[in-house]
Amino acid sequence: MFTIALVARKGGSGKTTLAVHLALAAWLRGWHTLLADVDPQRSAIEALRARHGLGPDRVAIAGPKLYDLQMSAVRRGTDVMIIDTAAGVTEEQASAIVLADLCLLVVRPAFLDLAAAIESVAIIRRLKKPLLLVVNQAPPAREGVESPAVRRALRALAVLSQPIAPTLIRSRMVYQSALETGRSAEEAGDPAAALEIAELWAYIRHFALPHRAAG
Ligand SMILES: Nc1ncnc2c1ncn2[C@@H]1O[C@H](COP(=O)(O)OP(=O)(O)O)[C@@H](O)[C@H]1O
Ligand SMILES: [Mg+2]
């Protein structure tokens, strides 16, 4: 099993949005998927509760119980466990990082997010965990040219010498509206957003594949 923790000190960066989208992306592709929500607000669980029909397994849980959950998920043959965390430097977030095979640090291309990302990177590095930076809520590129905010953000993130997901997730209403019915942008039929999520999952899948129970 492969465990992914969505982390960011900053609230509103898009951890929950991407946790649910990635859980659905994996599930739609036949991966046995568990979404663990350790944020006391339970937004990820709420989003999936609105879903009609089948979907990934989901559980709301406190940080100290995550390890037991991870062990039972392994026993049940889960392929990927995705942990959504609360913002801030919390015990929950630390437990999630400790158990993760990969930490996804979600950052908006905005000064305060970038400043907070530097601290998150330091924590994840101290815990010696693989890290992938994901830029979310990026404004659109115009004729292939990124906006000044995105260019500045990419330059700032490059200084951290950590891998950055090659697909930027743009700011799109469908990421909000789809979750209102517990669906991913892929299911909502928005081709541009669907492509972004498919590409992001395809990139992360490379890390996860060797850990997959079913091979
Ligand atoms: N790529 C995106 N495009 C548009 N809105 C987004 C995007 N990502 C997140 N949002 C919106 O931003 C807000 C915060 O996102 P959320 O996933 O709850 O962040 P976090 O879990 O990090 O606090 C929500 O209203 C969400 O719908
Ligand atoms: Mg959240």
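Rules used in this analysis
Residues numbered from 1 in each chain as written. Chains lettered and ligands numbered in written order. Predicted model: local features only at pLDDT ≥ 70, side-chain atom pairs only at ≥ 80, totals over all residues. Heavy atoms only, no water. Phe/Tyr/Trp six-rings, centres within 6.5 Å; stacked < 30°, edge-to-face > 60°. Helix = DSSP H or I, 4+ residues; strand = E, 2+ residues; numbered from the N terminus. Buried < 20%, exposed > 50% of the residue type's maximum accessible area, 1.4 Å probe, protein only. Expected span 1.5 Å × (residues − 1). Contact = heavy atoms within 4.5 Å. Core = buried A, V, L, I, M, F, W, Y, C linked by side-chain atoms within 4.5 Å. Axes fitted to C-alpha atoms, helices over the stretch in contact; angles between N-to-C directions. Parallel < 35°, antiparallel > 145°, perpendicular 65-115°, else oblique. Salt bridge = Lys/Arg side-chain N within 4 Å of Asp/Glu carboxyl O. Left-handed = near helix turned anticlockwise from the far one by under 90°. Nonpolar A, V, L, I, M, F, W, Y, C, P; charged D, E, K, R; others polar.

(A) Representation of the packing of aromatic side chains in the model. Scanning all chains against the criterion turns up two aromatic pairs. Plain terms: the ring middles of Trp-31 and Trp-201 are 5.1 Å apart, the flat faces sit at 90 degrees to each other, and that makes the pair edge-to-face. With a gap of 170 residues between them, Trp-31 in the loop between helix H1 (15–28) and strand E2 (33–37) and Trp-201 in helix H8 (residues 191–208) connect regions that are remote in the sequence. Summarising the burial analysis for this pair, Trp-31 and Trp-201 share the class buried. Aromatic pair Tyr-203 and Phe-207: ring centres 5.8 Å apart, planes at 65 degrees, arrangement edge-to-face. A residue pair is termed a helical-turn pair when its members lie 3 or 4 positions apart in one helix, as Tyr-203 and Phe-207 do in helix H8 at four residues.

(B) Structural detail: unusual backbone geometry. Here the phi dihedral of Glu-143 falls at roughly 50 degrees; this positive angle occurs in a residue that is not glycine. Structurally, Glu-143 is set in the loop between strand E6 (131–135) and helix H6 (148–158). The backbone of Ser-161 sits at a positive phi, close to 55 degrees, despite the residue not being glycine. Following the sequence through the fold, Ser-161 ends up in the loop between H6 and helix H7 (173–180). Looking at Ser-161, the relative accessible area reads 59%, which means it is exposed.

(C) Looking closely at helix H5 (residues 111–126). An ideal rise of 1.5 Å per residue puts 22 Å on 16 residues; H5 measures up with 23 Å between its terminal C-alpha atoms. Those residues of H5 hidden inside the fold are in contact with strand E1 (2–7), helix H4 (91–99), strand E5 (102–107), E6 and H6. After H5 finishes, the residue Lys-128 shows a positive phi value of roughly 55 degrees.

(D) Representation of the nonpolar core in the model. Ranked by internal contacts, the top residues of the largest apolar core, which has 36 residues, are Ile-4, Leu-6, Val-20, Leu-35, Ile-82, Leu-104 and Ile-204. The set of elements that each furnish at least two residues to this core consists of E1, H1, helix H2 (43–49), strand E4 (80–84), E5, E6, H7 and H8. The leading source of residues in this core is H1, at eight residues. Apart from residues no more than four positions distant in its own chain, Leu-35 is found in contact with Ala-19, Val-20, Ala-23, Ala-44, Leu-48, Asp-57, Arg-58, Val-59 and Ile-82. Core analysis: the second largest hydrophobic core is formed by 33 residues, Ala-8, Leu-69, Ile-83 and Val-150 among them.

(E) Broad picture of the packing of H1 against H8. Running from N to C, H1 and H8 cross one another at 75 degrees; their axes reach a closest spacing of 10 Å. Of the possible angle classes, the one that applies to H1 and H8 is roughly perpendicular. Between H1 and H8, the residues in contact are Leu-18, His-21, Leu-22, Ala-25 and Ala-26 and Ile-197, Leu-200, Trp-201 and Ile-204, respectively.

(F) Representation of the pattern of salt bridges within the structure. Counted by the stated rule, this structure contains eight salt bridges. Glu-186 is the salt-bridge partner of Arg-29, the closest N and O atoms lying 2.6 Å from each other. Here Arg-29 is found in the loop between H1 and E2, whereas its partner Glu-186 is found in the loop between H7 and H8, with 157 residues between them in sequence. The class of Arg-29 is partly exposed, set by a relative accessible area of 34%. Across the pair Arg-172 and Glu-196 runs a salt bridge, and its minimum N-O distance is 2.5 Å. Note that Arg-172 is positioned in the loop between H6 and H7 and Glu-196 in helix H8, a separation of 24 residues in sequence.

(G) Representation of the packing of helix H3 (residues 66–75) against H4 in the model. For the pair H3 and H4, the least separation of the axes is 10 Å and the interaxial angle reads 35 degrees. As for how H3 packs across H4, the hand of that crossing is right-handed. Here H3 contributes Leu-66, Tyr-67 and Gln-70 to the contact with H4, which in turn contributes Ser-95, Ala-96 and Leu-99. Residue classes in the contact of H3 with H4 are distributed as four nonpolar, two polar and no charged.

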